Amino acid sequence: SGYCGGTSMGYADLYWINNYNSSFGNEQELRTLISTFKEKGIGTIADVVINHRKNVSNWVDFPRETYKGETYEMVSTDICSDDDDGETKKWADKNGYSLSTNKDSGEGWGGMRDLDHNSENVQKCVKAYLDFLLNDLGYTGFRYDMVKGYKASFTAQYNSEAKPQFSVGECWDSSNTIKSWIEGTKTDDALQSAAFDFQFKYVVRNAVDKSDWTWLSKPNDDKGTGNNWPLVNTNLDQGKYRRYAVTFVENHDTEVRPDGSSNGPLKKDTLAANAFMLAMPGTPCVFMKHWQKYPTQIKAMVAARKAAGVNNESSYANFRSNKDYYAIVSKTNNENRLLAVIGNVAAIEQSVNTQQWVKVLEGYHYAYYLPTTMETAYADLSTGIHQGEQ
C-alpha cells in the first residue's frame, strides 16, 4: 500500500514506511479505511512484497526512511550477487558499487532488485516495516508475495517477531512444494504461516472445464491420477495441512485479465465453485469480483458455513458422486455439520434423508443442507432490503 514511484498495483514497492500516497489514495485515507474496518470487526491484510524492491534513481539505491527515531536504508550490498542473472553485478562493477557476496536464497525475479535476506540490514529493515504495518497503520496480518523468492525460514523469523494475527504465503507451485514451504516456516515446533491452496483452485477449474464434478475428488493433473492433491484433501497426509490452507477459486493472477492473459481461469459455475469452497475445510478466500456479482448468494453460503461451525480444521467425507453431481458432508469434531451438493441437485435429492437433513440454500448447481439436530431458525436471505417476492 506504499508509494511505488508512479502508477502501480503495489508490487513494484519502493517506500515501506514514510510515503503512503499510493495509486489507491493517500495515507490518511488508508488509515481511515483500516480503522473503519477494525470498528466493524474486520481485520485488514497487508500485501507484503519483500522478495524484491524498486530503486530510487539507479540500479542500487533505496530510499532512506525513519521510524521510531531510527533511520532505515538499504544499500547495494543488500542485493543478491546473482540478481537479474548477473546483469546487476555488471552494472555495479562498471559504476563502482559492490553487491552482497550471497546468492539468492530462492528463485530469482527480473526487473527489480532481489533482496539478500541473509543481510542483517535487510532483516532490520523488514522487521521495522512489518512493525509499522501492524502497530502504526493498524493492519491485522500479512499476505506475503512470491515467497518462493527467498527461504521460508526468513518468513518464520519475521512472523515470530512481528506476531501478525494471520499470515499467508503465495507459494505458487505443486502441493509438495507448498507443503515444504509451510514446514519451512516452523519456529520452536510452531508453523508460522498458512499458504494459498493452489491445487484446490485448479481442481475446481478442472471439474468445471470438463463438466464432470467427480474431478473435485481428484488431484490436479491431466489424468487425475497423480499426487498433486489440494492441501485440504484427505489424501494429502490425512488432511494434516488443512489448518494452513487458504482456499480460493479465482484470484488476480488466474482470472482473465483485460489484456486477455490468464492462468487457468474459472469460466463458469461461479456459484457452485464458491459453494464447494465454503463447505470445505481450510480458510476460504472469496474473490472480490465474485462477491460483487453475487453478494446475496455468497453471503448466505458464508452464513450457513458459520452456522454449521465448519472451520479450517474440519474434516469431510464423500456422500455421493458421479459426473453430474458431487456431494460431501463436512464434519467438525466428528459430527456431521453441513451437506453440500454441487451440480445436479435434483438428481440426488432422493438420497438425502430428510429426517437428518434440511435444505437451507439452493441455487444454480448447488444446495446446502444443515442437520435437523441443530434445531435453529435459519434465514437464507442476507440482511438488507429485497424487492419483490422472496
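The notes below deal with the structure included here. This one's a predicted model, so the numbers in the text were calculated from it and none came from an experiment.

Okay, the overall build of the protein next. When helices and strands are tallied, the protein shows nine helices and 17 strands. Along the first, second and third principal axes, the C-alpha set of the protein runs to 75 × 45 × 45 Å. Within the protein, the proportion of its 390 residues that are buried is 49%. Contacts in the protein between residues at least 24 apart in sequence constitute 62% of all its contacts with a sequence separation of at least 6.

A separate point is the sheet that holds strand 15 (residues 335-343). Strands pair in a sheet through their backbones, by hydrogen bonds, and they do so in one of two ways: parallel or antiparallel. Taken in spatial order, the five strands of this open sheet run 13-14-15-17-16, and their pairing is antiparallel. The open sheet has two free edges, formed respectively by strand 13 (315-322) and strand 16 (357-363), since each of these has just one partner strand. If you compare each strand with its neighbour and ignore which way they point, the axes differ by 20 degrees on average. Pairing analysis gives four bridges linking strand 15 to strand 17 (residues 366-371), with the strands arranged antiparallel. From the neighbouring strand, Leu 339 faces strand 17, where its bridge partner is Tyr 369. Contacting strand 14 (325-332), strand 15 and strand 17, helix 7 (residues 270-279) crosses the sheet at an angle of about 25 degrees to strand 17. The sheet contacts of helix 9 (residues 295-308) involve strand 15, strand 16 and strand 17, and relative to strand 17 the element is tilted by about 25 degrees.

Right, let's talk about the packing of aromatic side chains for a bit. For the structure shown, the criterion picks out 12 aromatic pairs. Consider the rings of Tyr 3 and Tyr 15, whose centres lie 6.2 Å apart with planes at 35 degrees: the pair is tilted. Residue Tyr 3 is found in the segment before helix 1 (27-39), and its partner Tyr 15 is found in the segment before helix 1; the two are separated by 12 residues along the sequence. The class for Tyr 3 is partly exposed, based on a relative accessible area of 28%. We classify Tyr 15 as partly exposed; its relative accessible area is 23%. Taken together, Trp 172, Phe 196, Phe 198 and Phe 248 form an aromatic cluster joined through their ring pairs. Its end group placed over the ring of Trp 16, Arg 53 keeps NZ or CZ at 4.1 Å from the ring centre. Taking NZ or CZ as reference, Lys 210 lies 4.5 Å from the ring centre of Trp 215, over its face.

This structure, assessed with the given rule, holds 24 salt bridges. One salt bridge in this structure joins Glu 183 and Lys 186, with 3.3 Å as the shortest N-O distance. Overlapping salt bridges bring together Asp 47, Arg 143, Asp 145 and Glu 170 as one network.

Turning next to helix 7. Of all the 10 residues making up helix 7, 10 are buried; the element is thus mostly covered by neighbouring parts of the structure. All buried positions along helix 7 are accounted for by Thr 270, Leu 271, Ala 272, Ala 273, Asn 274, Ala 275, Phe 276, Met 277, Leu 278 and Ala 279.

Now for the side chain of Asn 220. For Asn 220, the location among the structural elements is in the loop between helix 6 (198-210) and strand 11 (245-247). Among the residues examined, Asn 220 registers a relative accessible area of 14% and is labelled buried.

Of all residues except glycine, most have a negative phi; of all peptide bonds, most are trans. Not every positive phi belongs to a glycine, and Asp 189 is a case in point at roughly 65 degrees. With respect to the secondary-structure elements, Asp 189 resides in the loop between strand 8 (186-187) and strand 9 (190-191). The phi dihedral of Gln 238 falls on the positive side, at around 55 degrees, and the residue is not glycine. Gln 238 sits in the exposed class, given a relative accessible area of 67%.

A sheet is described by the order of its strands in space; here six strands give the open sequence 1-6-7-10-11-12, paired in parallel fashion. Looking at strand neighbours, the two that pair on one side only are strand 1 (45-48) and strand 12 (283-284), the edges of this open sheet. One ladder, built from four bridges, connects strand 6 (residues 141-144) with strand 7 (residues 166-169); its direction is parallel. Across the sheet, residue Tyr 144 finds its bridge partner in strand 7, namely Gly 169. In this fold helix 5 (residues 175-184) packs onto strand 7 and strand 10 (194-196), with an angle of close to 155 degrees to the strand it touches most, strand 10.

What follows concerns a nonpolar patch on the surface. A grouping of Leu 33, Phe 37 and Ile 42 is seen on the molecular surface, where their side chains present a nonpolar patch of about 250 Å² in accessible area. Checked against the element boundaries, Phe 37 lands in helix 1. Accessibility expressed as a relative area gives 34% for Phe 37, which makes it partly exposed.

By the element assignment, Cys 125 lies in helix 3 (residues 120-137). Since its relative accessible area comes to 4%, Cys 125 is described here as buried. Considered as a pair, Cys 125 and Ala 304 are 179 residues apart in the sequence and their alpha carbons are 43 Å apart. Each residue touching Cys 125, except ones within four places of it in the same chain, is listed here: Trp 16, Tyr 72, Glu 73 and Met 74.

As a further point, take the pairing of strand 13. Relative to strand 14, strand 13 runs antiparallel, the two sharing seven bridges. In the strand pairing of strand 14, Ser 315 is matched with Lys 331. The antiparallel pairing of strand 13 with strand 14 creates a hairpin that spans two residues between the two strands.

By size, the foremost hydrophobic cluster in this structure holds 92 residues, and its most contacted members are Leu 133 and Tyr 368. No other element matches the 10 residues that helix 3 contributes to this core. Tyr 325, Leu 339, Val 341 and Ile 348 belong to the second largest nonpolar core, which has 11 residues in total.

Calculation rules
- Numbering of residues starts from 1 in every chain and runs along the sequence as written.
- This being a predicted model, a pLDDT of at least 70 is required before a residue's local features are given, and a value of 80 or more before pairs of side-chain atoms are given or counted; all residues contribute to the totals for chains, interfaces and linings.
- Only hydrogens and water are set aside; all other atoms, that is, all heavy atoms of the structure, feed into the side-chain values.
- For the purposes of this entry, the term helix denotes a DSSP run of H or I that reaches at least four residues, the term strand denotes a run of E that reaches at least two, and both are numbered from the N terminus.
- The buried label applies to any residue whose accessible area, calculated with a 1.4 Å probe on protein chains only, is under 20% of its type's maximum; exposed applies above 50%, and partly exposed to all values in between.
- Contacts were defined at the residue level, with two residues in contact if any of their heavy atoms lie within 4.5 Å.
- For two strands to count as paired, DSSP must find a minimum of two bridges between them.
- Convention adopted: a line fitted to C-alpha atoms gives each axis, helices being fitted over their contacting stretch, and angles between N-to-C directions are expressed from 0 to 180 degrees.
- Only centres within 6.5 Å qualify two rings of Phe, Tyr or Trp (six-membered ring in Trp) as a pair; their planes then separate them into stacked at under 30 degrees, edge-to-face at over 60, and tilted for everything else.
- Charge-over-ring placement is defined geometrically: NZ (Lys) or CZ (Arg) within 6 Å of the ring centre, and within 35 degrees of the ring normal.
- When a carboxyl oxygen of Asp or Glu lies within 4 Å of a side-chain nitrogen of Lys or Arg, that pair is called a salt bridge.
- Patch rule: a residue counts if its relative accessible area is over 30% and it has no salt bridge; like charges are joined within 9 Å, and nonpolar side chains (Val, Leu, Ile, Met, Phe, Trp, Tyr) within 5 Å.
- Here the Shrake-Rupley method, with its probe set to 1.4 Å, supplies the accessible areas, and only the displayed protein chains count as covering residues.
- Here, the term nonpolar core denotes a set of buried Ala, Val, Leu, Ile, Met, Phe, Trp, Tyr and Cys residues that are joined through side-chain atoms within 4.5 Å.

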